[in-house]
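Tertiary structure, described
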Amino acid sequence: GAVVSQHPSWVICKSGTSVKIECRSLDFQATTMFWYRQFPKQSLMLMATSNEGSKATYEQGVEKDKFLINHASLTLSTLTVTSAHPEDSSFYICSASTGTGLYNEQFFGPGTRLTVL
Amino acid sequence: GQQLNQSPQSMFIQEGEDVSMNCTSSSIFNTWLWYKQDPGEGPVLLIALYKAGELTSNGRLTAQFGITRKDSFLNISASIPSDVGIYFCAGRSNFGNEKLTFGTGTRL
């Protein structure tokens, strides 16, 4: 159980175009989803926290107009990278949790590798 | 954003050797987590620690939550080839706040 999928697993796009990445919790309902970005040989950096039915909360330094997050249902969150540029090339990973609490766990997706030419 | 200091940054070992890595923070965390990430994949939870001083094992893995709440270590005993990967610690600071802060990673 507790499987999180991402689609696509990799994408190559031209500079200036927009790319949408989907994150789905397959066998549980996720009240909260998180989006991370990971550059090569670096750690995961949280970009935003997304709660179902409400606006995402972005971390400092992350442009909300560039990285559009929609969490329309308890099983789906999307990240849209608008007007992508080569510096946006990275590994984007989502995670999903069922709620809050001491023992609540985040389940991570397999990641989406974005390459902007 | 904030990152936790993790050491060593990388290590090369022989099969069968024990491995130790640690994570330190200037802030207090109420939960410490250890993850393993294989190339091109998302991180997978190995061990979760919820109480200061707690020592928890998962097979050949043992992790401890430092009593100051500002550090944690992970030991791997009798390493095998499939242990290769990147290990990340992560801390969660507040109950009810699910945000995780990740360490810089240890490449094994």
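In what follows, the structure referred to is the one given above.
The notes below deal with the structure included here. Quick caveat: nothing in here was measured; it's all calculated off a predicted structure.

**With respect to the overall build of chain A**
- Helix and strand counts for chain A stand at zero helices and eleven strands.
- Mapped in sequence order, the helices and strands of chain A form the string β-β-β-β-β-β-β-β-β-β-β.
- Over its C-alpha atoms chain A spans a radius of gyration of 13 Å, differing by no more than 12% from the 13 Å that the globule rule assigns to 117 residues.
- Seen through its C-alpha atoms, chain A measures out along the principal axes to roughly 40 × 25 × 25 Å.

**Observations regarding the pairing of strand β4 (residues 32-38) of chain A**
All names here are of chain A.
- Most of β4 sits out of view: seven of its seven residues are buried.
- Every second residue of β4 is oriented toward a common face, with T32, F34, Y36 and Q38 on one face and M33, W35 and R37 on the other, all of them buried.
- Where β4 lies against strand β5 (residues 45-51), six bridges are found, and the strand directions are antiparallel. Paired with F34 across the two strands is T49, which belongs to β5.
- Where β4 folds back onto β5 in an antiparallel hairpin, the turn is made up of six residues, including K41, whose phi is positive at roughly 60°.
- With seven bridges joining them, β4 and strand β9 (residues 90-97) adopt antiparallel strand pairing. Bridge assignment links F34 to a residue of β9, and that residue is S95.

**Observations concerning a nonpolar patch on the surface**
- Together, W10, I12 and L117 of chain A line one region of the surface with nonpolar side chains, adding up to about 390 Å² of accessible area.
- Within the fold, I12 of chain A resides in strand β2 (residues 10-13).

**A closer look at the interface of chain A and chain B**
- The partner chain B presents 22 residues to the 25 residues of chain A that form the contact.
- For the pair chain A and chain B, the interface holds one salt bridge.
- For the salt bridge of K99 of chain B with E59 of chain A, the shortest nitrogen-to-oxygen distance reads 3.1 Å.
- At the surface where chain A touches chain B, the tally comes to four residue pairs in polar contact (both at pLDDT 80 or more).
- For the side of chain A that touches chain B, the secondary structure elements donating two or more residues are β4, β5 and β9 of chain A.
- Tallied by class, the residues present in the side of chain A that touches chain B amount to eleven nonpolar, eleven polar and three charged.

**Quick look at the sheet that holds strand β1 (residues 4-7) of chain A**
All names here are of chain A.
- Taking strand neighbours across the sheet as the criterion, the four strands line up as β1-β3-β8-β7 in an open arrangement whose pairing is antiparallel. Whereas interior strands pair on both sides, the edge strands pair on one side only; in this sheet they are β1 and β7 (67-73). For this sheet, the mean angle separating the axes of adjacent strands, direction not counted, is 15°.
- Two elements, β1 and strand β3 (residues 19-25), share four bridges in a ladder whose sense is antiparallel. When the bridges of β3 are listed, S5 appears paired with R24.

Criteria and cut-off values
- Residues numbered from 1 in each chain as written.
- Chains lettered and ligands numbered in written order.
- Predicted model: local features only at pLDDT ≥ 70, side-chain atom pairs only at ≥ 80, totals over all residues.
- Heavy atoms only, no water.
- Helix = DSSP H or I, 4+ residues; strand = E, 2+ residues; numbered from the N terminus.
- Rg over C-alpha atoms; globule rule 2.2 N^0.38 Å.
- Buried < 20%, exposed > 50% of the residue type's maximum accessible area, 1.4 Å probe, protein only.
- Pairing = 2+ DSSP bridges.
- Patch = residues over 30% accessible without salt bridge, like charges linked within 9 Å, V, L, I, M, F, W, Y side chains within 5 Å.
- Areas by Shrake-Rupley, 256 points an atom, 1.4 Å probe, with all protein chains shown as cover.
- Salt bridge = Lys/Arg side-chain N within 4 Å of Asp/Glu carboxyl O.
- Contact = heavy atoms within 4.5 Å.
- Polar contact = N/O pair within 3.5 Å; in protein donor to acceptor, adjacent residues only side chain to side chain.
- Nonpolar A, V, L, I, M, F, W, Y, C, P; charged D, E, K, R; others polar.
- Axes fitted to C-alpha atoms, helices over the stretch in contact; angles between N-to-C directions.

Remember, this is a structural readout, not a statement about activity or role.
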